[in-house]
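Structural features, examined
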Amino acid sequence: MTNTQVTLVQIDNYGPWTVTPEPRREADLQTMQSRLYADISQFVGNRGGYTFFTRFDNMIAVTNGCSLEDHALLQESVGNRYPVTLSLGVATGTNPVQALADATETIQDAGSAQDKNRRECLKGRVIEPPHRSEGDIQIAHFDVINATGNYTDELNAFDTFIEIEQGYAELMRHMRYAHGSLSFFVGGDNVIVVCPDLGRDEYDEALSHVEEAVDVEMQVGVGRGKSAHEAGYAAKHALETCRTDGTRVELEWDTA
Ligand SMILES: Nc1nc2c(ncn2[C@@H]2O[C@H](COP(=O)(O)OP(=O)(O)OP(=O)(O)O)[C@@H](O)[C@H]2O)c(=O)[nH]1
């Protein structure tokens, strides 16, 4: 059974900050947001986790392997180096959507995203090291089949972007409502999905659903591990098998 540890990262009182005392230059906000994301991704990544930029003011991380002390250190380090602070909510569970819902609730209970008195709150619980196991995380790495030949080298760059985003939007909604999974666009034509225990049939069904709904053909490699990195790395290898063998679904643990 999976046991996913999810952290919701929320910038404190960010909306008001972006317009105080006057609206700030957009390029500066974009630069600050992407640097902050890069720093968090590196911090969490060094501990085996994954961070997804999501909306930038709210980011979602899979943090199996990060303790509450690690989370506090991240807050301190960001607070020392950025003009903004972070609140973090951490929760765990067999269903990643439920874990994220619980993590969100802990932050919402501590105050509004635009409450100037809610600063650097850290709430929730982690999986203690003795309870961690190899099957804690399941990650599915989806990509669009031959995106380069069908889109990148054929359409103008914006029309390619629309096609890829359509595939992502359909997949993310379907995986969330039909399969309790969290999907994140990670660049190019790639979507990384944090899943509960799913099998070949569910992935086959999801690929068919996306193809029927928006006519985007995808393939998927799936991996398991103790951390997001381990599961995601196994998923990448499984996706390579899709590419070389022309299969649509490869489960790292089941090569039948
Ligand atoms: N974040 C991330 N992006 C990737 C990864 N692999 C590929 N990409 C992105 O996806 C783009 C397209 O690469 P591919 O998916 O290999 O190309 P393709 O034309 O779809 O070919 P096939 O996947 O073999 O069907 C690249 O330009 C990268 O931006 C990955 O593992 N992680």
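Each value, and the rule that gives it
- Residues numbered from 1 in each chain as written.
- Predicted model: local features only at pLDDT ≥ 70, side-chain atom pairs only at ≥ 80, totals over all residues.
- Buried ≥ 20, exposed ≤ 12 C-beta atoms within 10 Å, placed from the backbone.
- Helix = DSSP H or I, 4+ residues; strand = E, 2+ residues; numbered from the N terminus.
- Pairing = 2+ DSSP bridges.
- Axes fitted to C-alpha atoms, helices over the stretch in contact; angles between N-to-C directions.
- Contact = placed C-beta atoms within 7 Å.
- Core = buried A, V, L, I, M, F, W, Y, C linked by C-beta atoms within 7 Å.
- Domains from an automatic or database assignment.
- Near = placed C-beta within 6 Å.
- Nonpolar A, V, L, I, M, F, W, Y, C, P; charged D, E, K, R; others polar.

Take the pairing of strand S4 (residues 86-93) next. For S4, the tally of buried residues reaches seven of eight residues, placing the bulk of the element in the interior. The pairing of strand S1 (residues 4-11) with S4 spans eight bridges and is antiparallel. Bridge pairing links Gln 5 to Thr 92 in S4. Pairing of S4 with strand S5 (residues 122-124), which is carried by three bridges, proceeds in the parallel orientation.

As a further point, take the sheet that holds strand S3 (residues 58-62). Pairing within the open sheet is mixed, and its five strands lie in the order S2-S3-S1-S4-S5. At either end of the open sheet lies a strand with only one pairing partner, and these are strand S2 (50-52) and S5. On average, each strand axis in the sheet is tilted by 20 degrees relative to the strand beside it, whichever way the strands run. Where helix H4 (residues 96-110) meets the sheet, it contacts S1, S3, S4 and S5, and its direction lies at approximately 145 degrees from that of S4.

Ranked by internal contacts, the top residues of the largest apolar core, which has 61 residues, are Leu 100, Ile 139, Ala 140, Val 193, Tyr 203, Val 220 and Ala 235. Tallying contributions element by element places helix H8 (residues 228-245) first for this core, with seven residues. Counting residues domain by domain, this core receives three or more from each of domain 1 (4-131) and domain 2 (137-251). Not counting the four nearest positions on each side in its chain, Val 193 is found in contact with Ile 139, Ala 140, Phe 142, Met 175, Ser 181, Leu 182 and Ser 183.

A few words on the sheet that holds strand S6 (residues 137-144). The five strands are arranged S7-S8-S6-S9-S10 in an open sheet whose pairing can be described as mixed. Single-partner strands in this sheet number two, and they are strand S7 (182-187) and strand S10 (249-251). On average, each strand axis in the sheet is tilted by 20 degrees relative to the strand beside it, whichever way the strands run. Across five bridges, S7 lies against strand S8 (residues 190-195) in antiparallel orientation. Bridge pairing in S8 places Gly 187 opposite Asn 190. Across the sheet, helix H6 (residues 157-179) touches S6, S7, S8 and strand S9 (218-225), and the angle it forms with S7 is around 160 degrees. The sheet strands contacting H8 are S6, S8, S9 and S10, and the helix crosses S9 at an angle near 145 degrees.

Near the ligand you find 13 residues, and of these Ala 147, Thr 148, Val 186, Gly 188 and Asn 190 are the closest. Partitioned by chemical class, the residues of the shell around the ligand number four nonpolar, five polar and four charged.

Moving on to the domain arrangement of the protein. Here the protein is described as being made up of domain 1 (4-131) and domain 2 (137-251). Inter-centroid distance (C-alpha atoms) of domain 1 to domain 2 is 25 Å. Between domain 1 and domain 2, the residue contacts involve 15 residues of the former and 15 residues of the latter. Put simply, the parts of the chain that give the side of domain 1 that touches domain 2 at least two residues each are S2, S3 and H4. For the side of domain 1 that touches domain 2, the leading source of residues is H4, giving three residues.

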